[in-house]
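Single-letter residue listing:
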Amino acid sequence: MSTLENEVTFRKQAEVNQSLEAQFDSSSTDFILITDHRTSKSKSLEQLEASKESENAESCCSRYARNIFRMKTLKRRLPFLTWLPHYNTKDCIGDLIAGFTVGLTVIPQGLAYSGVVGLPPEYGLYGAFMGCFVYVLLGTCKDSTIGSTAVASLMTFQFAQGSWQRSVLLTFLTGIIEVLMAIFKLGCLVEFVSGPVSAGFTSAVALIVSTSQMRSMLGVKSDGGSFLATWISMFRDIENVRVADTCLGFGCVFLLLAMRSFGKLTIGPKDETRRSGFQRVVNQVIKFVSTSRNASIVIVFTVITMYLDANGTNPFRLTGNIPKGMPAPSLPPFSIEAQPGNETAGIPPVPGQNFLEMVQSLGYGLLIVPLMALLETMSVCKAFAKGKQIDITQEMIACGVGNIATSIFSGYRCNGGLARSAVNNASGCRTNMSNLYIGVIVVLALNFLTDYFAFIPKAVLAAIIISAVIFQVQYQVVTPMWRSKRSDLVPGILAFVTCLVLPLEIGIMVAIGVNLLFILYYAARPKVTLEQLETQQGIRFVKITPDRCLIFPSVEFVRNMVLKLGSKSTLPVVIDCTYIYAADYTAAKVISSIVDDFRRRQQKIIFFNLKPSVVSVFEGLNTRLVLCYNTHALNQELRPDEPDLSRSVDSLDHAESGNGAGECVSMASTLSLARS
C-alpha cells in the first residue's frame, strides 16, 4: 500500500471500538499519523516533497532582503505611512488639544523627575522632546507618550549615580541595545517578568521615588542606596526640617489629589446626548482643570514665589537658574574628565573615567534598564490596545531610536508612561501626532520660559511626583491574586521587599530568579494520572498520563512514578503521551531505562499518541518503543497472542511486504510501530 492508503486505513481504524475510545476521554485520542515516524533510510512522500522544496528554497538572507522593501514591511516598520495619508482636520484638532494638555503635564514632571535622577532640572526637559518626535514616526500606539517616568528616572539614578555623563551614556547604550533586541526579536524576554514580580517592583519604585522627594518637601539631607537607608538618614537630620517647605509640599499633595478627584465629577444626565450645551462646556472645563492640575499648581505658586522673592520674603527653596535654549546636538560623552572639588561649596571632587570604566560602572544596568523600560512601555500599549495586536519589535525600535536621539541632546532615559498616556487618551488624542505637539511645547518652554522656571519651589515639584507615583502602588492586585493562586504572592511580595531593602538591580534580579525557580519546580513536578481500564475484549491495562513535556527537571520524577505504578501489577502499562509535546536527551535516556526495566520484567509498556518530534529525540538512542496512534492498534498490541517484537527489519516498507496485517514491527532504529 502507499502512504496515503495507509493514512486512510488509520483513519478508518480510529473509528473502531468506541467504548475503548471513550475510556481515553481525559486526552485526545483522535490523533492521525499524517507523517510516518520513519528513519532517514525510508521517508514518507510528504517528507520527500518537503525536502525537495527546502533544497530549492531561497536562502533566509535573500528572502529577508526581498521582503524588506515590500510596502507591507515598510508600513509595519514606519507606521506613520498607515495613518498619515488619512490625516484630516478633526485629527489635527484632537491631537493639538491632547498635545497641549499633556505638554502642560510633561514640563513640570520633567523638572521634577530630574531631581530623582540627581541631575539639574534642565536635563528633565532635554529628555522630553526627541523621544516624542521619534515616536510620531515609529510608534504603534497613538495614546503612548515618550518621556521621563518614575521607573526610568530611579533606575538611571541607581546606575549613573547622579553623573550627567553616565546618565547620557546609559541612555545611548541602552537605546542601541533595544534596537539590537528588536533586530534579534528578543521581546520575548519581557515574558520572564511575571505580573506579580512587575507589580511588586512597580510598587517598590513608587515608594522609593516618594521617599526621594520627601527630602525636598522636608528640606532635610538624605543619602543611602536603599529605601530604609534613605529614611534613616532623613530622621538623623530631622532637626533641620524647613516648616515652610513642608507645609507647602503637603498642601500641594492634598490639592493635587483633590483636583484629580474633581475631574471625576460631571453635571447633567449620565447620557451625554441628553446634556445641554452649557453642561457639556462645564464638564469639559472640569476635565481640563483636572488634567492640567500639575501645570496649574506650578503656575500659581511660581507667581506667588516671584512676588515674595521680589519683596525679599521668600521662605521656600527654589529650583534655581536653568540654562535657556536647547542643548547643542553632540555625541554622548565617552569619558569623564577629572575635576577638583570645592570644600567651601561642598562640591566633592570628580574622578576621571574612560569609556570602559564608565561602561563597567553602569554594570547590569545595560541589561536591566532596557528590560524594565520595555515592560513599562508594553504595559502602556496593552492598556490602550483595545483588542489590537501589539508589535513588541516595533515598540523596541521606537523606544531604542528615541533614546539614541535623546542622548544626542544630552537627555536621559525616556519611555512610555502610563499616567501621562492616560492623560493623552483622556484629552482626545487621535493619532501619534499628539507627540509632535508635546515635543514642540517642551522646545518652546526651553527657549522662552526658563527664566520663570527658576522661581518654581522644589516642594511643589516634589508634590507633583508624589501625587503621581502613589497610585502606582498596586495593592489592588493582592486580593485577586489571593483568590486565584496564593503562591503567586510569594514572588510579588519578595520583589517588593527586596527592592526596598536591597539596591534596586539586586532586588529585581532576586525576584525574577525566585519566580523562575517556581516555574522550574512546576515543570519538575508534573501531575501523573493513573487509571485501570479494560478493552471490549476484557483485556485490562494500566493507563498513565503525564500532563506536560518530559525534560530534565521532570523526567526522573515521572520515571519513579511509572516504575512505582507499574511494579504494583503485571498488567500492561499504556503511557498516554498526548500532553508530552517536547523531550530532551536526558528524557530519552530515562525512557530507555524504563523500557529496559519493563522488558526485564516481561511486562508490556506501550506509548500511545507520542508526538513525531518526541519520537525523533528517542531515535538517537536506539530505544525500542512500541507506538500506537489509534485504539484499534492499541487493542491489537494489548492482545496476549502478539508476535515476538524482537525482530528487526531494514525499513517500514520492507516490514509491510514481509509481515502480515495486524503484526507490530520494528524499524532499523528499533522503533516498533503497532499497525493493522
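What counts and what doesn't
- Residues numbered from 1 in each chain as written.
- Predicted model: local features only at pLDDT ≥ 70, side-chain atom pairs only at ≥ 80, totals over all residues.
- Heavy atoms only, no water.
- Helix = DSSP H or I, 4+ residues; strand = E, 2+ residues; numbered from the N terminus.
- Buried < 20%, exposed > 50% of the residue type's maximum accessible area, 1.4 Å probe, protein only.
- Contact = heavy atoms within 4.5 Å.
- Areas by Shrake-Rupley, 256 points an atom, 1.4 Å probe, with all protein chains shown as cover.
- Salt bridge = Lys/Arg side-chain N within 4 Å of Asp/Glu carboxyl O.
- Core = buried A, V, L, I, M, F, W, Y, C linked by side-chain atoms within 4.5 Å.
- Patch = residues over 30% accessible without salt bridge, like charges linked within 9 Å, V, L, I, M, F, W, Y side chains within 5 Å.
- UniProt positions renumbered as here; feature names shortened; annotations may be inferred.
- Expected span 1.5 Å × (residues − 1).
- Axes fitted to C-alpha atoms, helices over the stretch in contact; angles between N-to-C directions.
- Parallel < 35°, antiparallel > 145°, perpendicular 65-115°, else oblique.
- Left-handed = near helix turned anticlockwise from the far one by under 90°.
- Nonpolar A, V, L, I, M, F, W, Y, C, P; charged D, E, K, R; others polar.
- Polar contact = N/O pair within 3.5 Å; in protein donor to acceptor, adjacent residues only side chain to side chain.

1. Notes on the overall build of the protein chain
Helices and strands together make up the secondary structure of the protein chain, namely 31 helices and nine strands. With 676 residues in all, the protein chain has 49% of them scored as buried. For the protein chain, the share of sequence-separated contacts (at least 6 apart) that also reach a separation of at least 24 residues comes to 76%. Split by element, the accessible area of the protein chain, about 32500 Å² in all, is 62% carbon and sulfur.

2. Quick word on the pattern of salt bridges
Applying the stated criterion across every chain, the model contains 13 salt bridges. Note that Asp597 is salt-bridged to Arg559, the shortest N-O span being 3.6 Å. In this pair, Asp597 is assigned in helix α28 (residues 585-600) and Arg559 in helix α27 (residues 552-567), connecting sequence segments 38 residues apart. On the basis of relative accessibility, which here comes to 15%, the residue Asp597 falls in the buried class. Taking the shortest distance from any N to any O, the salt bridge between Arg600 and Asp597 comes out at 2.2 Å. Pair noted here: Arg600 and Asp597 are both in helix α28, with a separation of three residues, about one helical turn.

3. Structural notes on the nonpolar core
One finds Met155 and Phe201 to be the most contacted residues of the largest nonpolar core, which totals 103 residues. Formed by 31 residues, the second largest nonpolar core is a distinct cluster that contains Val562, Leu565, Val573 and Ala583.

4. Topic: a nonpolar patch on the surface
On the surface, a cluster of nonpolar side chains totalling about 790 Å² of accessible area is made up of Ile176, Leu180, Ile183, Phe184, Leu186, Leu189, Phe192, Leu516 and Ile519. Put simply, the parts of the chain that give the nonpolar patch at least two residues each are α11 (164-183) and α26 (504-524). For the nonpolar patch, the element with the most residues is α11, which contributes three residues. Residue placement: Phe192 occurs in the loop between α11 and α12 (195-218). The exposure class of Phe192 is partly exposed, given its relative accessible area of 45%.

5. Side note on the UniProt feature "transmembrane region" (unreviewed entry) in the protein chain
Residues annotated by UniProt as "transmembrane region" (unreviewed entry) correspond here to residues 168-186, 192-211, 288-308, 362-385, 436-454, 460-478 and 490-523. Taken end to end, residues 436-454 comprises 89% helix and 0% strand; its first and last C-alpha atoms sit 26 Å apart. Within residues 460-478, the helical portion is 58% and the strand portion 0%, while the C-alpha atoms at the span's ends are 32 Å from each other.

6. Some thoughts on the environment of Phe557
Residue placement: Phe557 occurs in helix α27. The exposure class assigned to Phe557 is partly exposed, which follows from its relative accessible area of 24%. Considered as a pair, Phe557 and Pro526 are 31 residues apart in the sequence and their alpha carbons are 8.0 Å apart. In this structure, Phe557 is in contact with Ala524, Arg525 and Pro526, ignoring residues within four places of it in sequence.

7. Some thoughts on helix α23 (residues 458-469)
Taking 1.5 Å per residue as the helical rise, α23 with its 12 residues ought to reach 16 Å, and the 17 Å between its terminal C-alpha atoms agrees with that figure. Where α23 is concerned, the buried positions are Ala459, Val460, Leu461, Ala462, Ala463, Ile464, Ile465, Ile466, Ser467 and Val469. In the core, the buried residues of α23 are packed alongside α7 (89-117), α10 (150-160), α12, α14 (243-262) and α16 (293-310).

8. Here's the deal with the packing of helix α18 (residues 365-383) against helix α19 (residues 392-408)
Two elements in contact, α18 and α19, have axes separated by 11 Å at closest approach and are oriented at 120°. Classified by the interaxial angle, the pair formed by α18 and α19 is oblique. In the crossing of α18 with α19, the sense of the turn from one axis to the other is right-handed. On α19, the residues that touch Leu374, Thr377, Met378 and Cys381 of α18 are Ile392, Glu395, Met396 and Cys399. Classifying every residue of the contact of α18 with α19 by side-chain character gives six nonpolar, one polar and one charged.

9. Notes on unusual backbone geometry
Positive phi outside glycine occurs at Gln161, with the angle close to 55°. Relative to the elements of secondary structure, Gln161 occurs in the loop between α10 and α11. Positive phi, normally seen in glycine, also occurs at Gln602, with a value near 55°. The topology assignment puts Gln602 in the loop between α28 and β6 (605-608).

10. Regarding the environment of Ile392
Along the chain, the position of Ile392 falls in helix α19. With near-sequence residues (within four places) excluded, Ile392 lies in contact with Gly187, Leu374 and Met378.

11. Quick look at the side chain of Ser216
Summarising the element assignment, Ser216 is placed in helix α12. By relative accessible area, which is 15% here, Ser216 ends up buried. If sequence neighbours within four positions are ignored, Ser216 has contacts with Asp245, Arg317, Lys458, Ala459 and Ala462.

12. Quick look at the side chain of Thr319
As for its position among the elements, Thr319 is in the loop between α16 and α17 (355-362). By relative accessible area, Thr319 is classed as buried at 13%. Among the polar contacts listed, one links the side chain of Thr319 to the backbone oxygen of Ile456, at a separation of 2.7 Å. Here Thr319 is in contact with Pro121, Phe453, Ala454, Ile456, Lys458 and Leu461, once residues within four sequence places are set aside.

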